[in-house]
Amino acid sequence: MLLGRDDERLALDRLLAQARLGHSGVLALVGEPGIGKTALLEHAAACAGGMQILRARGIQSEAEVPFAGLAELLRPALPALDRIPGPQASALAGALALEPATAQDRFAIGAATLSLLSAWAEEGPIAMLVDDAHRLDASSAEALLFAARRLVVDPIALVLTVREGEPSLLDGADLRVLRVGGLGRPDAAELLRRAGAAPEAIERLYRATAGNPLALLELAPEAARLSEFPADGPVPISASIASEFVRRFAGLPDPTRRVLLLAAADDAGDLATLARAASSIGLDVGDLAAAEQAGLLTLDGAHAEFRHPLARSAVYADAAAGERRVAHTALAAALPDRDVDRRAWHLAAAAIGPDETASRALEQAGERARGRSAYTVAASAFERGARLAPADGDCARLLLAAADAAWLGGDAERTLALLDDARMHATEPLLSARIDHLHGHVAMRRGPVMSGYELTVSAADEIAAADPELAVVMLAESVLGCVYAGDRRAGLAAAERAMALADRHDSRRAAFFAAMAHGMALVASGAGEPGAAAVRRAVGILEESDELRDDPRTLVWSAFGPLWLREADAGRGLIDRAFERARSAAAIGVLPTLLNHLGRDQATTDQWPAAESSYDEGIRLARETGQRTELATLLAGLAQLEAKQGREDSCRVHAEEATALCDELGLGLYGTWATQALGNLELGLGRPALSTIHHEAQAEALRRRGIADVDVSPAPELVDAYLRLGRREDAEATAAGFVAEAEAKGQPWALARAARCRGMLAASGEAEPLFEEALRLHDQTPDLFETARTLLAFGAHLRRSRKRVRSREQLRAALEIFERLGARPWADQAGAELAATGETARRRDASTLDELTPQELQIARLLADGKTTREAAAAVFLSPKTVEYHLRNVYRKLDIGSRDELVATFATPR
């Protein structure tokens with residue numbers, strides 16, 4: 001019977017009641033050892049009548065066994081595996097060793113866990129109870145956390161217990177936490193009376209233990225020993241309980257102590273295994289009966305379990321190092337063949353100095369863990385195997401494998417530390433090159449970007465003779481880093497080396513990466529026409545090769561072509577294809593990058609709400625996955641979109657965060673994006689003087705960094721602002737340089753902006769053909785906002801020329817586009833110009849689509865495109881019920897009631 005705990009019980013009862021009503025909830029019970037967390041978990045289990053129960057417990061000995069905790073937790077729900085999306089089902093089945101595994105994105109198992117829980121919840125509400133969650137293997141903890149963050153309206157309650165001060169999945173997770181303290185004085189007194197404590201000792205025991213239930217029960221028989229502690233202060237609970245367990249351990253017969261150490265060294269508690277291990281060193285597992293009588297563990301059929309984790313820790317810590325090694329050796333030999341991973345760790349614990357057998361066993365364990373996407377577990381196995389490797393070369397090789405697994409697991413700091421260690425042991429040039437490649441790869445995503453460039457280029461030179469295709473890919477990655485950093489000279493040098501290497505080897509992959517990198521480097525250097533030709537060549541290679549298009553390694557790169565060309569048709573289907581592949585494979589790690597490119601594409605067409613949705617999802621995933629480079633670029637892109645929309649507060653917040661990240665990471669190009677966003681914001685809001693400050697700063701930053709791509713130049717905005725301020729000479733000088741650069745590039749997007757600048761500066765009789773030329777060029781690009789900017793400038797020119805009828809035609813068109821896009825400040829400017837012609841603008845009613853949140857819009861679009869609820873849920877890593885919840889909000893906001901109406905809403909031009 002649970003004493004007291006009224007607040008905790010109320011919280012648990014409410015959580016379970018809400019789950020029965022269809023509302024998800026998570027509660028983490030956090031407290032010191034012995035405080036009663038497990039008792040509260042048992043209370044939750046007892047109160048979960050009518051609910052399906054999933055239970056698991058973190059076990060120290062399984063902390064390095066891939067997905068051990070998740071397998072225990074999900075076992076009853078596995079019959080629902082065939083009801084979740086196929087790629088997710090395969091990923092989860094592989095992770096749980098139900099079928100052959102293939103390495104997946106580290107979040108794919110979390111997405112599959114969410115889908116499985118949601119599918120099983122269709123049969124009834126679920127109570128998930130996880131004890132000692134801080135001891136879960138890292139892969140299980142990560143998958144569980146991914147699912148927990150996305151539980152909204154499924155009938156699922158998750159209760160976790162976590163030891164205070166221990167690292168766990170709660171760290172940085174923003175899950176609901178309830179800290180469990182000691183019992184109140186009356187409840188503690190009742191507990192002690194039931195335990196037979198002397199009445200005169202109750203108050204002293206209470207003060208000494210601060211109401212910790214385990215401490216009360218363990219110390220009650222020895223109340224006299226409390227004189228060891230201060231009269232008015234609490235005892236150090238863990239230390240006092242552990243010392244009590246050690247005292248009991250020391251009083252046992254020697255055979256019992258030795259068998260008990262076997263149990264402590266393994267913690268799995270399988271009596272058959274313990275019996276074999278005991279027999280191999282001349283002991284009898286039956287001697288554990290004395291330990292049970294001493295209150296150290298319980299024996300239940302085929303299982304032995306320590307009374308408390310502290311009892312196990314105390315027994316293990318009190319044994320001599322040699323005794324522990326003997327125990328681990330015996331256990332390694334006694335484990336059944338299926339427990340190869342646990343055997344490897346026992347061999348490692350038994351080793352003294354280098355041990356080739358243990359090292360190889362751990363390497364194999366690491367390979368199995370990596371194959372099941374348990375990257376954190378794999379990193380630990382490879383690292384421990386490296387420490388036991390007799391040869392420096394093997395040590396370096398395993399440390400590199402550990403670093404690679406740590407990077408795939410999202411632990412950048414550990415990756416860099418392992419790489420530094422691997423470099424010290426590397427004896428072969430090719431291995432050193434691979435170490436530098438991974439180090440450079442990490443640096444280009446975490447900063448400083450150019451240090452990553454140097455490492456990657458150096459590594460490519462070392463590896464070029466042995467693996468030219470990989471060297472080309474590495475050089476292409478370094479070019480991308482230069483683009484991010486805004487170092488055009490370094491980028492062009494690396495791109496030319498990639499081209500030379502690709503030309504000497506017959507490889508379509510090498511040809512694609514070299515051409516795309518060369519095109520980007522040329523464009524960034526101001527050589528727009530040959531750069532565009534190289535990008536088109538890369539797009540052509542990709543479009544002709546199913547193998548390349550379907551290769552996960554080209555997913556991100558396949559989106560570059562249309563973004564660098566800014567043409568209406570070139571390669572645009574590649575973005576959608578890459579995005580769909582990433583979603584279907586739950587490749588969450590690459591999604592922030594793809595969402596960045598997709599958002600940029602949507603923001604430079606007429607899909608602004610979709611762009612906001614893409615940026616929003618990308619930012620959330622980038623924060624969750626720790627991808628700071630992508631976070632910076634996404635924030636800068638969102639700030640630019642918000643500037644055009646006139647969303648002043650959010651634009652400034654996002655631009656400020658993007659600027660800080662870009663400065664820290666060395667992302668020179670994207671830092672100018674954030675500055676440009678502020679300039680565009682001020683120009684749209686009619687503050688040309690403030691706009692020039694930001695745009696001039698952007699132009700200077702581009703000049704200083706040598707970024708010569710005319711597409712990122714703020715010259716057209718400066719021309720507009722200078723003319724509004726009466727600074728015609730400045731406008732003319734700025735326009736002259738921009739026009740020359742646009743003509744050198746020869747691409748329609750830049751040429752259209754150049755023609756607009758010339759039209760704004762031309763004499764009355766010469767301007768109209770220039771504006772008409774700009775509009776003709778705009779028709780070759782998907783960027784409606786720039787088209788509307790030209791229509792506005794053209795209409796304003798015609799009005800000033802007293803051609804009011806023709807002016808109204810241009811201004812109406814500009815107003816319609818600005819309003820359709822949601823560019824409110826620019827719509828206000830067009831409306832004011834139209835009013836100056838004598839026509840009152842009929843303002844478009846605000847679209848109800850504008851009322852949708854980014855996530856609601858994302859879900860609505862998926863469903864309008866024909867996806868089922870389950871397909872949409874899998875695409876955005878939510879449960880079907882959560883998708884239905886958002887869909888109800890969509891219906892309410894749009895005042896519709898069916899999928900047909902939803903399809904019609906999104907089919908209607910806005």
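A brief look at the structure comes next. Owing to the predicted nature of the structure, the values given are computational and were not obtained by experimental measurement.

Conventions we followed
- Residues numbered from 1 in each chain as written.
- Predicted model: local features only at pLDDT ≥ 70, side-chain atom pairs only at ≥ 80, totals over all residues.
- Heavy atoms only, no water.
- Helix = DSSP H or I, 4+ residues; strand = E, 2+ residues; numbered from the N terminus.
- Rg over C-alpha atoms; globule rule 2.2 N^0.38 Å.
- Buried < 20%, exposed > 50% of the residue type's maximum accessible area, 1.4 Å probe, protein only.
- Contact = heavy atoms within 4.5 Å.
- Areas by Shrake-Rupley, 256 points an atom, 1.4 Å probe, with all protein chains shown as cover.
- Phe/Tyr/Trp six-rings, centres within 6.5 Å; stacked < 30°, edge-to-face > 60°.
- Lys NZ or Arg CZ within 6 Å of the ring centre and 35° of its normal.
- Salt bridge = Lys/Arg side-chain N within 4 Å of Asp/Glu carboxyl O.
- Pairing = 2+ DSSP bridges.
- Axes fitted to C-alpha atoms, helices over the stretch in contact; angles between N-to-C directions.

Details of the overall build of the protein
Phase 1: Within the protein, the regular secondary structure consists of 46 helices and seven strands.
Phase 2: Its C-alpha atoms give the protein a radius of gyration of 33 Å, within 12% of the compact-globule value 29 Å for 910 residues.
Phase 3: A total of 910 residues make up the protein; the buried ones form 59% of that total.
Phase 4: Residue pairs in contact within the protein that sit at least 24 positions apart in sequence constitute 68% of those at least 6 positions apart.
Phase 5: Approximately 35200 Å² of the protein is accessible, and the part contributed by carbon and sulfur atoms is 50%.

Focus on the packing of aromatic side chains
Phase 1: This structure, assessed with the given rule, holds 11 aromatic pairs.
Phase 2: Between Tyr670 and Trp673, the aromatic rings sit 4.7 Å apart at their centres with planes inclined by 65°, giving edge-to-face as the arrangement. One end of the pair, Tyr670, and the other, Trp673, are both in helix H34 (residues 668-684), three residues apart, so they sit about a helical turn from each other.
Phase 3: On the basis of relative accessibility, which here comes to 6%, the residue Tyr670 falls in the buried class.
Phase 4: On the basis of relative accessibility, which here comes to 9%, the residue Trp673 falls in the buried class.
Phase 5: Ring pairing ties together the aromatic residues Trp608, Phe785, Phe818 and Trp826, which thus form one cluster.
Phase 6: Geometry around Phe146 places Arg150 over its ring, the cationic atom sitting 3.7 Å from the centre.
Phase 7: For the cation-ring pair, Arg600 lies above Trp673, with the distance from its terminal atom to the ring centre recorded as 4.0 Å.

Here we look at the pattern of salt bridges
Phase 1: Throughout the structure, instances matching the rule amount to 57 salt bridges.
Phase 2: The residue Glu664 makes a salt bridge to Arg628 at a minimum N-O spacing of 2.7 Å. Of this pair, Glu664 sits in helix H33 (residues 648-665) while Arg628 sits in helix H32 (residues 628-645); the two residues are 36 residues apart in sequence, bridging distant segments of the chain.
Phase 3: Each of Glu717, Asp720, Arg724, Arg753, Arg756, Glu786 and Arg789 takes part in salt bridges that share partners, so that together they form one network.

Comments concerning the pairing of strand E7 (residues 303-306)
Phase 1: Across the two faces of E7 the burial differs, with Ala304 and Phe306 buried and His303 and Glu305 not buried at all.
Phase 2: Relative to E7, strand E6 (residues 297-300) runs antiparallel, the two sharing four bridges. Each bridged residue has a counterpart across the sheet, and for Leu299 the counterpart in E7 is Ala304.
Phase 3: Here E6 hands over to E7 after two residues, with Gly301 in that stretch at a positive phi of 65°.

Digging into the environment of Val535
Phase 1: With respect to the element layout, Val535 can be found in helix H26 (residues 528-543).
Phase 2: C-alpha of Val535 to C-alpha of Gly561: the two residues are 26 residues apart in sequence and 5.9 Å apart in space.

A few points about the sheet that holds strand E4 (residues 156-163)
Phase 1: Here we have five strands laid out as an open sheet, ordered E2-E3-E4-E1-E5, and parallel in their pairing. The strands lining the two open edges of the sheet, one partner per strand, are strand E2 (52-57) and strand E5 (177-179). Here the strands of the sheet are splayed against their neighbours by 15° on average, with no regard to which way each runs.
Phase 2: Bridge count for strand E1 (residues 25-31) against E4 is seven bridges, and the pairing is parallel. Note that in E4 the partner of Leu29 across the bridge is Thr161.
Phase 3: Contacting E1, E2, strand E3 (126-131) and E4, helix H2 (residues 37-46) crosses the sheet at an angle of about 165° to E3.

Observations regarding unusual backbone geometry
Phase 1: Even without being a glycine, Phe67 presents a positive backbone phi close to 55°.
Phase 2: Here Phe67 lies in the loop between E2 and helix H3 (68-74).
Phase 3: Even without glycine at this site, Asp132 takes up a positive phi of about 50°.
Phase 4: In this structure, Asp132 sits in the loop between E3 and helix H6 (138-149).

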